[in-house]
Amino acid sequence: MARRKRNTSAIGGNFDSMLDTLMNVVGILVIVLVAVQISGQEAAVRIAAELSKIDPQQVARLEAALAQAKEAAAAAAAALRDQQQEANKDPKAELSRLETALSIEEQLAKAAAAKAAELEKKRAAELAAVQRASEKLEADRKKKAQEQKATEARLADLKRKLGSLPALVAPPAKEVRLPDPRPAPSGVQEVHVMCREGRIWVVDILALREKPIKRADFVVKSKKLDLDGDRWLTDGKTLATEFNKAPVKDGGFEMTLDVQHPPWPRLVLTRMKGRGETADEATRPTGEYARMLRRLAPNTHIIRFFVWPDSFEAYLKARELAGERGYAAGWEPRTNPEEYGIGLGKYSLGVKPPPKPFDPNAKPPPPPPNVID
């Protein structure tokens, strides 16, 4: 067979190589297509075989896991959105808000801590008070128990001593003379005797007035309190103030001047500590009371006793001695706790009253009561 003459001209060209190449490509594509078709069929068969092997429960579990995974993905997406929103906020404003919240929380925490400390302190104080009260009650209980024990022992001892005492014999009756008030003899002077706190003070009024009158005269003259010389003083306070700067001491008394009850100044006789006499001391021959009775006379003096409730026994002994010496006497009970007082006896207070007109028919005033019993 004769070969075909090839046209090698520039216009006709030679496409053999190109055709060979195209045919090779087509052939390869056919082969690939066949291979793919065969592989697809085999894959379908395998998938059908695998689907027949899948367990429905496993499918349900996988579906549940898928749902959970979707929820987790949604939550993660929401968190991501929140984070993105937080990131979009102003950092300075957020920092300020957080600092304010922190400051408030710190203040609340400090207040709560202070309140807790106060409550704890109060509770500790209450516990301490309860403890002290309990200890005091216990100490009182022990003390009372000891006192009761001592009292019982003392009572038993007294009963024993009482049982050993001999039988008592009543003392002879004491004769007491009942008061028989009657006027004192005319022309006699009174001597005051004070019986107080179980002791006896002789109140010699004339002797006690001597020093206070001299002191008052000095004050009146130096302060010019009696310019007209009538012994009526309008300024009793100055006299008392100056007089009481150095109280007069005499006869067992400290004497001050009281001008609160015009028109007569009053000497307050404050008993000095350790002075006065017991009834036994006063009735001894060396006692001041006994010496006073010897110095005076029953026909010129009477004895006036001022007796407080705590000194009636002392009064009875002093009265007995006065009776033995022949003196008339009287007594007045006293209960006033204030100190005894006597008049100064010279000056008067206030404005001098005008003289009363003479009345020839007027009766003289009665003398002051002077009664003995």
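Analysis parameters
- Residues numbered from 1 in each chain as written.
- Predicted model: local features only at pLDDT ≥ 70, side-chain atom pairs only at ≥ 80, totals over all residues.
- Heavy atoms only, no water.
- Helix = DSSP H or I, 4+ residues; strand = E, 2+ residues; numbered from the N terminus.
- Buried < 20%, exposed > 50% of the residue type's maximum accessible area, 1.4 Å probe, protein only.
- Contact = heavy atoms within 4.5 Å.
- Areas by Shrake-Rupley, 256 points an atom, 1.4 Å probe, with all protein chains shown as cover.
- Salt bridge = Lys/Arg side-chain N within 4 Å of Asp/Glu carboxyl O.
- Phe/Tyr/Trp six-rings, centres within 6.5 Å; stacked < 30°, edge-to-face > 60°.
- Lys NZ or Arg CZ within 6 Å of the ring centre and 35° of its normal.
- Expected span 1.5 Å × (residues − 1).
- Bend = angle between axes of the 7 residues up to and from the residue.
- Arc of directions from axis to C-beta.
- Pairing = 2+ DSSP bridges.
- Core = buried A, V, L, I, M, F, W, Y, C linked by side-chain atoms within 4.5 Å.
- Polar contact = N/O pair within 3.5 Å; in protein donor to acceptor, adjacent residues only side chain to side chain.
- Axes fitted to C-alpha atoms, helices over the stretch in contact; angles between N-to-C directions.
- Patch = residues over 30% accessible without salt bridge, like charges linked within 9 Å, V, L, I, M, F, W, Y side chains within 5 Å.
- Parallel < 35°, antiparallel > 145°, perpendicular 65-115°, else oblique.
- Left-handed = near helix turned anticlockwise from the far one by under 90°.
- Nonpolar A, V, L, I, M, F, W, Y, C, P; charged D, E, K, R; others polar.

Q: What's the story with the overall build of the chain in this structure? I'm lost.
A: Each helix and strand in the chain was counted, giving 8 helices and 13 strands. Within the chain, the fraction of its 373 residues that count as buried is 20%. At a minimum sequence separation of 6, the contacts of the chain that also span at least 24 residues come to 72%. Accessible surface for the chain amounts to roughly 28,600 Å². Of this, 59% is attributable to carbon and sulfur atoms.

Q: Is there a simple way to think about the pattern of salt bridges in this case?
A: Side-chain pairs of opposite charge can arise whenever the charged atoms involved come near each other. Taken as a whole and assessed by the stated rule, the structure comprises 17 salt bridges. Note that R160 is salt-bridged to D157, the shortest N-O span being 2.4 Å. Of this pair, R160 and D157 both sit in helix α3 (residues 91-164), 3 residues apart, which is roughly one turn of the helix. Through salt bridges with shared partners, a single ionic network connects R154, D157, R160 and K161.

Q: Can you help me understand the packing of aromatic side chains in this one?
A: Within a pair of aromatic rings, the relevant descriptors are the distance that separates the centres and the angle that separates the planes. Considering all chains together, one arrives at 6 aromatic pairs under this definition. By way of ring pairs, the aromatic residues Y289, F305, F312, Y315 and W331 are connected into one cluster. Over the aromatic face of F243 sits the side chain of R215, whose NZ or CZ is 5.5 Å from the ring centroid. Just above the ring of W201 sits the side chain of R271; from NZ or CZ to the centre is 5.6 Å.

Q: For this particular structure, what's the right way to read helix α4 (residues 205-223)?
A: Each α-helix turn comprises 3.6 residues. Residues three or four places apart therefore point the same way. A rise of 1.5 Å per residue sets the reference length of α4, with its 19 residues, at 27 Å; its end C-alpha atoms lie 27 Å apart and thus fit the reference within 8%. Where α4 bends most, the angle comes to about 25 degrees, and this point is K211, followed within four residues by the proline P212. Residues of α4 that are buried: I205, L208, P212, A216, V219 and V220. Once α4 ends, the next one or two residues include K224, with phi positive near 55 degrees.

Q: What's the story with helix α7 (residues 288-295) in this structure? I'm lost.
A: If you check which residues of α7 are buried, you get Y289, A290, M292 and L293. One face of α7 carries all of its buried residues, which in axial projection span an arc of 160 degrees. Where α7 is buried, its residues touch β2 (189-196), β3 (199-203), β8 (277-278), α6 (279-283), β9 (301-307) and α8 (312-324).

Q: Just checking my understanding: could you explain the pairing of strand β11 (residues 340-343) for this structure?
A: One face of the sheet, then the other: side chains in a regular strand alternate in exactly this way. Here β11 shows a buried face lined by Y340 and I342 and an unburied face lined by G341 and G343. Relative to β11, strand β7 (residues 266-271) runs antiparallel, the two sharing 4 bridges. Counterpart to V268 in the pairing with β11 is G341.

Q: Help me understand the nonpolar core in this model?
A: Soluble globular proteins: nonpolar side chains tend toward being buried together. The biggest cluster of nonpolar side chains holds 27 residues, and the ones touching the most others in it are V203, L239, F253 and L269. Looking at this core element by element, the count peaks at 5 residues for α4. If we ignore the near neighbours within four places in the chain, the residues touching V203 are H192, M194, L208, F253, L269 and Y340. In this structure, V191, V193, A290 and A318 belong to the second largest nonpolar core, which totals 22 residues.

Q: Whenever I open this one, the side chain of R319 confuses me. Can you help?
A: Following the sequence through the fold, R319 ends up in helix α8. Among the polar contacts listed, one links the side chain of R319 to the backbone oxygen of A329, at a separation of 3.3 Å.

Q: Would you mind going over the sheet that holds β7 with me for this structure?
A: The strands making up a sheet associate through hydrogen bonds between their backbones, and the pairing can be parallel or antiparallel. In spatial order, the strands read β5-β6-β7-β11; together these 4 strands make up an open sheet with antiparallel pairing. The open sheet has two free edges, formed respectively by β5 (248-250) and β11, since each of these has just one partner strand. For this sheet, the mean angle separating the axes of adjacent strands, direction not counted, is 35 degrees. On the sheet, α4 packs against β5, β6 (253-258), β7 and β11 and is oriented at approximately 155 degrees with respect to β5.

Q: Is there a simple way to explain the sheet that holds strand β10 (residues 329-333) in this structure?
A: With mixed pairing, 5 strands are arranged side by side in an open sheet as β8-β3-β2-β9-β10. Each edge of the sheet is formed by a strand with only one pairing partner; in this case those strands are β8 and β10. Looking at chain direction, β2 and β3 are connected through 5 bridges and run antiparallel. By the bridge assignment for β3, V193 is matched with V202.

Q: How do you make sense of a nonpolar patch on the surface when you look at a structure like this?
A: Together, V26, V30, V34 and I38 give the surface a local cluster of nonpolar side chains, amounting to about 320 Å² of exposed area. Looking at where V34 falls in the secondary structure, it is placed in helix α1 (residues 16-53). For V34, a relative accessible area of 45% translates into the label partly exposed.

Q: Would you mind going over the packing of α4 against helix α5 (residues 236-243) with me for this structure?
A: For any two helices packed against each other, the geometry is given by the interaxial angle and the distance between the axes. Viewed as axis vectors pointing N to C, α4 and α5 meet at an angle of 120 degrees, and their least axial separation amounts to 10 Å. As the angle between them shows, α4 and α5 are arranged oblique. Handedness of the crossing formed by α4 with α5: right-handed. Residues P212, R215, A216, V219, V220 and K223 of α4 lie in contact with α5, whose contacting residues are T238, L239, E242 and F243. Residue composition of the contact of α4 with α5, grouped by class: 6 nonpolar, 1 polar and 3 charged.

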